[in-house]
Amino acid sequence: MAKKYTYFFGKGRAEGRAEQKNLLGGKGANLHEMTALKIPVPPGFTISTDTCIEYFKQGRRFPRGLWSEVETQVAKLERAMGKRFGDPKDPLLVSVRSGARISMPGMMDTVLNLGLNDKTVQGLIQRSQNPRFAYDSYRRLLQMFGDVVLGIKKIAFEGLLSDMKRQKKVTADTDLTADDLMNLVEQFKEVVRREAGRDFPQDPQEQLRMAIGAVFESWHNKRAIEYRRIYKVPDDWGTAVNIQAMVFGNLGDDSGTGVAFTRDPSMGERRIYGEFLQNAQGEDVVAGIRTPRPIADLKEAWPRVYREFERICRTLERHYRDMMDIEFTIENGTLYMLQCRVGKRTAHAAIKIAVDMAKERLIDRKVAVLRVEPWQLEQLLHPRIDPTLKVRKIAKGLAASPGAAVGKAVFTAEEAVEAAEQHEKVILVRPETSPEDIAGMVAAQGILTARGGLTSHAAVVARGMGKACVAGCTDIVVNDEDGYFQVANLTIRRGDSITIDGTTGDVIIGAVELTQPEELTGEFGSLIGWADSFRKIGVRTNADTPTDARVTRKFGAEGIGLCRTEHMFFEGDRIVAVREMILAENADERRKALAKLLPIQKQDFKAIFELMNGLPVIIRTLDPPLHEFLPRKDEEIRKVAENMGVSEDALKDKVRYLQEFNPMLGHRGCRLGISHPEITEMQARAIFEAACELKREGKRPFPEIMIPLVSDVKELRAQREIVERVGREVMKEYGVKVRYLVGTMIELPRAALVADQIAEAADFFSFGTNDLTQTTFGLSRDDAGRFLPLYLEKGILKTDPFAALDEEGVGALMRIGIEKGRRAKPQLEIGICGEHGGEPSSVELCHRLGLDYVSCSPYRVPIAKLAAAHAVLKGKVKIKEMGEK
Ligand code: PEP
Ligand code: MG
């Protein structure tokens, strides 16, 4: 059978359906679906994504048979519209748009009003009785065709348009007359002749053929490639091409165009949210050139149209069972839908919409949980400005993407990228953003634009990235060339610190201190509660201090999976006692110094156990190499020596003595406790005394004592003996019994390989995947940053193994460790406490490996919980979002 390249939709019948996104692209598939739902959609046809791939396979040539199919479909379209392509009396005009599988905002190109030429423009004048409109449409075609198809720089056209406005002393495009526009058409044709070295094609068939080719080509333009690289979209998906009859929003004051969401994509409220422009065409709203009016005004201006619009929004939501993003046009009072897709939203809105829809019974709780991507929660867990804080607000724009951000003002994407490379925090300030700015937006903390609405490029992209964004801040005048912006008579220059609040739209001078994120209440709490009911794997947190433990409780962690005792050593003047311990000449002296540390540690542990009352708390014995606690620079050494009353030279000698070539593979972890058992003794005593005191007070401490960097069971046995002996002594002194466990980290490959032997002496295992990744790859966690980006760029590594667990290597060792450990001791408790414990794909792996829990930083607890629920539900729950009645 001959290959089918094109699929028709129109008049309530469609050859394709929403499920065929891979073939028809997202935009195409939904046009077919809406048509089948009897929603008013201008008829058209879609050229499949396969055709685009075929085009490149054949050396950038149309596959055989494509053009004749296009001709047949055009004829069908002519019949549906009762107009003919190229008819000088009443021409059919079409739009040509790209549409990949997933929406790539602003990445691909569009040509409108195709079919216009010197003759058909007269037909359009006849039909519309509106020469201004006809010439405006023609000059738009020349401009878009020139840019997208012929590769002529936009500025060549825009410059002439601005000149004309200046000459006529008007500010808005709409103030130009038919004659002005006719004049511009001639000028634009001249630009084409000069820049492209050819005349603008007058033959509509040739226009169409060239436009289709240009859409195919745009799949490989720089912006699209950059977008695919950032969002990891495969290059071989290709784009579909949608050819659709034009409807006009610029036919006069009873016409218009707009974009809307069926619910508020920023806060999630159940109300139609969007903007429209009267007497305007397609791209004007998204381009952010004219400032659009809120959709509520549509209700007042055209109540009948608005009612129909509301009805369509309801139909779409009920059908897709999701919040939809819609583009529409009103032509002489008649409403048409030009596009619909599942709407992008902030994390806050995603949660509210999912929970509300479950309550409205549009979806069930499992689907609601799956609707929120775990990494999205990062946004909610973003810092904000304390509302009680006195700040100096200098301007207000649109609250386009929530969260606050602080940084130095930069004015170009390149500056933002360079600054990020220097670890500088910046706010990207632009008149407006375009897809060329993507890399700069990724690099910046937040984005501030002077122009554009809530659906402008800056707003949509920032929301997707979860970055703070203030858009359409008309109070400011941006001079990106000279690197400053002005607001009233204030000038903010490149490098000046500013703060933006994407939740309120405020622009603030200076760097404001930001406060910590949302609590688990309201819809957020419900969603995480539902996730809790579905997940199988436990979620603990890494917490080093009582303050951390308090946050932990707020996020609902089920215990502490790692308390790095040494992180308390730098607080206050504790470091003095630590240094005395390190500098001690013999065990007796060391004991004296340790005696000073004992009450401090005990006090911390007591506070943590008390806060976690009844929940397990894993406390790890001292891990890092000792030199980390000593001063490095001469000046510091001098000061410390003076404070401690020791000689500067002696201190220098000690620092030098403790220096190691490979400290991460050196004298650290349990090796410290083996050579200085008194350290383990002191720590065990602090733990048990704290626990016994609480026990006496009727509290329920549950310590789990963890020995780090074990590679042989004998190391663990030696340390365990100390812990148990001290435990017995302390419990006897206090006359109470405390339940406790002794276990080990599995963070060296050998430990995983001999896990059966180690399990004999362990009550629990906790995978230290930071060190396990480091030692499995032989890749220093402190130095990898220098060359890892190159590995990622070259595709040698798909992801950073320190961020997402490497299943093939590190995961394989974990599998061995678990299998051997549990074979030797079936009741062995096994968890993970490396950074991976809060990363969604790693949580999923841990679930599959059968771990009892993951442990992650406090703010990532909700992320881990949601990821754990996804791990259970994914693949099992069919998201019924399409094709249902
Ligand atoms: C680990 O190695 O994964 C771990 C949790 O310990 P640290 O990061 O302190 O070495
Ligand atoms: Mg470690």
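Here the structure is a predicted model, which is why all the values come from computation and not from measurement. (Residues numbered from 1 in each chain as written. Chains lettered and ligands numbered in written order. Predicted model: local features only at pLDDT ≥ 70, side-chain atom pairs only at ≥ 80, totals over all residues. Heavy atoms only, no water.)

1. Some details on the UniProt feature "domain: Pyruvate phosphate dikinase AMP/ATP-binding" (unreviewed entry) in the protein chain
So, step 1. UniProt feature "domain: Pyruvate phosphate dikinase AMP/ATP-binding" (unreviewed entry): in the numbering of this structure it lies at residues 22–59, 68–293 and 308–360.
So, step 2. Spanning residues 22–59, this segment combines 63% helix with 11% strand, and its end C-alpha atoms are found 22 Å apart.
So, step 3. Along residues 308–360 the backbone is 49% helical and 32% strand, and the end-to-end C-alpha distance reaches 22 Å. (UniProt positions renumbered as here; feature names shortened; annotations may be inferred. Helix = DSSP H or I, 4+ residues; strand = E, 2+ residues; numbered from the N terminus.)

2. A word on the pattern of salt bridges
Side-chain pairing between opposite charges can occur once the charged atoms of the two side chains come close.
So, step 1. Summed over all chains, the structure comprises 73 salt bridges.
So, step 2. Note that Arg 228 and Asp 235 form a salt bridge whose closest N and O atoms lie 2.7 Å from each other.
So, step 3. For Asp 235, a relative accessible area of 47% puts it in the partly exposed group.
So, step 4. Here Asp 506 ties to Lys 393 by a salt bridge, and the two come within 3.4 Å at their closest N and O atoms. One end of the pair, Asp 506, is in strand β25 (residues 506–509); the other, Lys 393, is in strand β15 (residues 393–396), and 113 residues separate them in sequence.
So, step 5. Among the residues examined, Asp 506 registers a relative accessible area of 7% and is labelled buried.
So, step 6. By relative accessible area, which is 53% here, Lys 393 ends up exposed. (Salt bridge = Lys/Arg side-chain N within 4 Å of Asp/Glu carboxyl O. Buried < 20%, exposed > 50% of the residue type's maximum accessible area, 1.4 Å probe, protein only.)

3. A look at the coordination of the magnesium ion (ligand 2)
So, step 1. Taken together, Glu 747 (OE) and Asp 771 (OD) make up the full set of protein donors to the magnesium ion (ligand 2), lying 2.0 to 2.1 Å away. One end of the pair, Glu 747, is in the loop between β31 (741–746) and α28 (749–753); the other, Asp 771, is in helix α30 (residues 769–777), and 24 residues separate them in sequence.
So, step 2. Judged by relative accessible area, which is 2%, Glu 747 ranks as buried. (Donors = N, O, S within 2.8 Å, 3.2 Å for Na, K, Ca; no water.)

4. Some points on the domain arrangement of the protein chain
So, step 1. Partitioning the protein chain into domains gives domain 1 (1–117 + 203–246), domain 2 (248–345), domain 3 (383–515), domain 4 (535–625 + 660–873) and domain 5 (627–659).
So, step 2. Look at where the C-alpha atoms of domain 3 and domain 5 centre, and you get two points 45 Å apart. (Domains from an automatic or database assignment.)

5. A closer look at the sheet that holds β25
So, step 1. A sheet is described by the order of its strands in space; here 8 strands give the open sequence β15-β25-β24-β17-β18-β19-β20-β16, paired in mixed fashion. This sheet does not close on itself; its edge strands, each paired only once, are β15 and β16 (398–401). This sheet shows a mean twist of 30 degrees between the axes of neighbouring strands, independent of strand direction.
So, step 2. As defined by bridge partners, β15 adjoins β25 across 3 bridges and the pair is classed as antiparallel. Across the sheet, Ala 395 pairs through a bridge with Val 507, a residue of β25.
So, step 3. The sheet strands contacting helix α16 (residues 413–421) are β17 (404–410) and β18 (426–430), and the helix crosses β18 at an angle near 175 degrees. (Pairing = 2+ DSSP bridges. Axes fitted to C-alpha atoms, helices over the stretch in contact; angles between N-to-C directions. Contact = heavy atoms within 4.5 Å.)

6. Digging into the sheet that holds strand β10 (residues 273–278)
So, step 1. As summarised here, the arrangement of the 5 strands in space is β11-β10-β9-β12-β13, forming an open sheet in which the pairing is antiparallel. Pairing within the sheet leaves two strands with one partner each, and these edge strands are β11 (293–294) and β13 (334–342).
So, step 2. When strand β9 (residues 256–261) meets strand β12 (residues 324–331), the two strands line up antiparallel, connected through 6 bridges. Note on β12: the bridge partner recorded for Ala 260 is Ile 326.

7. Comments concerning the packing of aromatic side chains
So, step 1. Scanning all chains against the criterion turns up 14 aromatic pairs.
So, step 2. With 4.9 Å between their ring centres and 80 degrees between their planes, Phe 133 and Phe 248 make a pair best called edge-to-face. Of this pair, Phe 133 sits in helix α5 (residues 131–149) while Phe 248 sits in the loop between β8 (239–245) and β9, and the two are 115 residues apart along the sequence.
So, step 3. With relative accessibility at 2%, the residue Phe 133 sits in the buried group. (Phe/Tyr/Trp six-rings, centres within 6.5 Å; stacked < 30°, edge-to-face > 60°.)

8. Observations concerning the side chain of Glu 54
So, step 1. Topologically, Glu 54 is positioned in helix α2 (residues 49–57).
So, step 2. Overall, Glu 54 belongs to the buried group, its relative accessible area being 16%.
So, step 3. Within the structure, Glu 54 has its side chain in polar contact with the side chain of Lys 3 (distance 3.4 Å).
So, step 4. Apart from residues lying up to four places away in sequence, Glu 54 is in contact with Lys 3 and Pro 63. (Polar contact = N/O pair within 3.5 Å; in protein donor to acceptor, adjacent residues only side chain to side chain.)

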